[in-house]
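Chain and residue survey
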Amino acid sequence: MTTVDGVVTWQGQPLSLTAHETSIVDLLSSQPGETASINEIYRLIEPHRSKPVSSAKERQTIVLNTIKTLRNKFRDVDQAFSAMTFRPGQGFVWDESL
């Protein structure tokens, strides 16, 4: 995965990502093997939301849906994509060895 001038590519193919999706990929891929919590990821999404979210459950749902969308965008290029994984009770991790 590479990012040049805000454009993320996977296996040489550019991905059409939003600003907050790019921020999430940058966060996760810049610390491979390290877990980013739901709250860390939500802080990247929050500035792009039109209305505030108060409950932890709602924040979690927003993050999970965003990650699902991101995975699908990567899988459009690589059906076997699995570098973005969930660690229950911890958060998400980037691991290209999976």
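First, a word on what this report is: a plain description of the structure on this page. All values derive from a computational prediction rather than experimental measurement.

Quick look at the sheet that holds strand β5 (residues 84–87)
In sheet architecture, strand pairing relies on hydrogen bonds along the backbone and comes in two forms, parallel and antiparallel. Spatially, β4-β6-β5 is the arrangement adopted by the three strands of the open sheet, whose pairing is antiparallel. Since the sheet does not close on itself, it has two edges, and those belong to β4 (35–36) and β5, each with one partner. Pairing between β4 and strand β6 (residues 91–94): two bridges, direction antiparallel. Pairing of T35 across the sheet is with V93, part of β6. Across the face of the sheet, helix α1 (residues 19–30) comes into contact with β4, β5 and β6 while running at roughly 70° to β6. In the packing of helix α3 (residues 56–77) onto the sheet, the strands contacted are β5 and β6, and the crossing angle to β5 comes to about 150°.

Re the pattern of salt bridges
Throughout the structure, instances matching the rule amount to one salt bridge. Its salt-bridge partner being K73, residue E21 comes within 2.7 Å of it at the nearest N-O pair. Here E21, found in helix α1, pairs with K73, found in helix α3; they are 52 residues apart in sequence, far enough to count as distant.

Observations regarding α1
Look at α1: 16 Å from first C-alpha to last across 12 residues, which is about the 16 Å you get at 1.5 Å a residue. For α1, the complete set of buried residues consists of H20, E21, T22, I24, V25, L28 and S29. Here the buried face of α1 lies against β2 (7–10), β4, α2 (38–45), α3, β5 and β6.

Considerations on the pairing of β5
Taken together, the four bridges between β5 and β6 define a ladder with antiparallel strand orientation. Counted as the bridge partner of F86 is F92 from β6. Counted along the chain from β5 to the antiparallel partner β6, the turn is three residues long, and its residue G89 has a positive phi close to 75°.

Some points on the environment of V25
Position of V25 among the secondary structure elements: in helix α1. Judged by its relative accessible area of 0%, V25 is buried. Along the backbone, V25 and A36 are 11 residues apart, and their C-alpha atoms lie at a distance of 11 Å.

A few points about the nonpolar core
Counting residues in hydrophobic clusters, the biggest one holds 23 residues, and the most contacted among them are I41, V63, I67, L70, F74, M84 and W94. Contributing elements (two or more residues each) for this core: β2, α1, α2, α3 and β6. Take this core: its biggest share by element is five residues, from α3. Excluding residues within four positions of it along the chain, V63 makes contact with I38, I41, Y42, I45 and F92.

Calculation criteria
Residues numbered from 1 in each chain as written. Predicted model: local features only at pLDDT ≥ 70, side-chain atom pairs only at ≥ 80, totals over all residues. Heavy atoms only, no water. Pairing = 2+ DSSP bridges. Helix = DSSP H or I, 4+ residues; strand = E, 2+ residues; numbered from the N terminus. Contact = heavy atoms within 4.5 Å. Axes fitted to C-alpha atoms, helices over the stretch in contact; angles between N-to-C directions. Salt bridge = Lys/Arg side-chain N within 4 Å of Asp/Glu carboxyl O. Expected span 1.5 Å × (residues − 1). Buried < 20%, exposed > 50% of the residue type's maximum accessible area, 1.4 Å probe, protein only. Core = buried A, V, L, I, M, F, W, Y, C linked by side-chain atoms within 4.5 Å.

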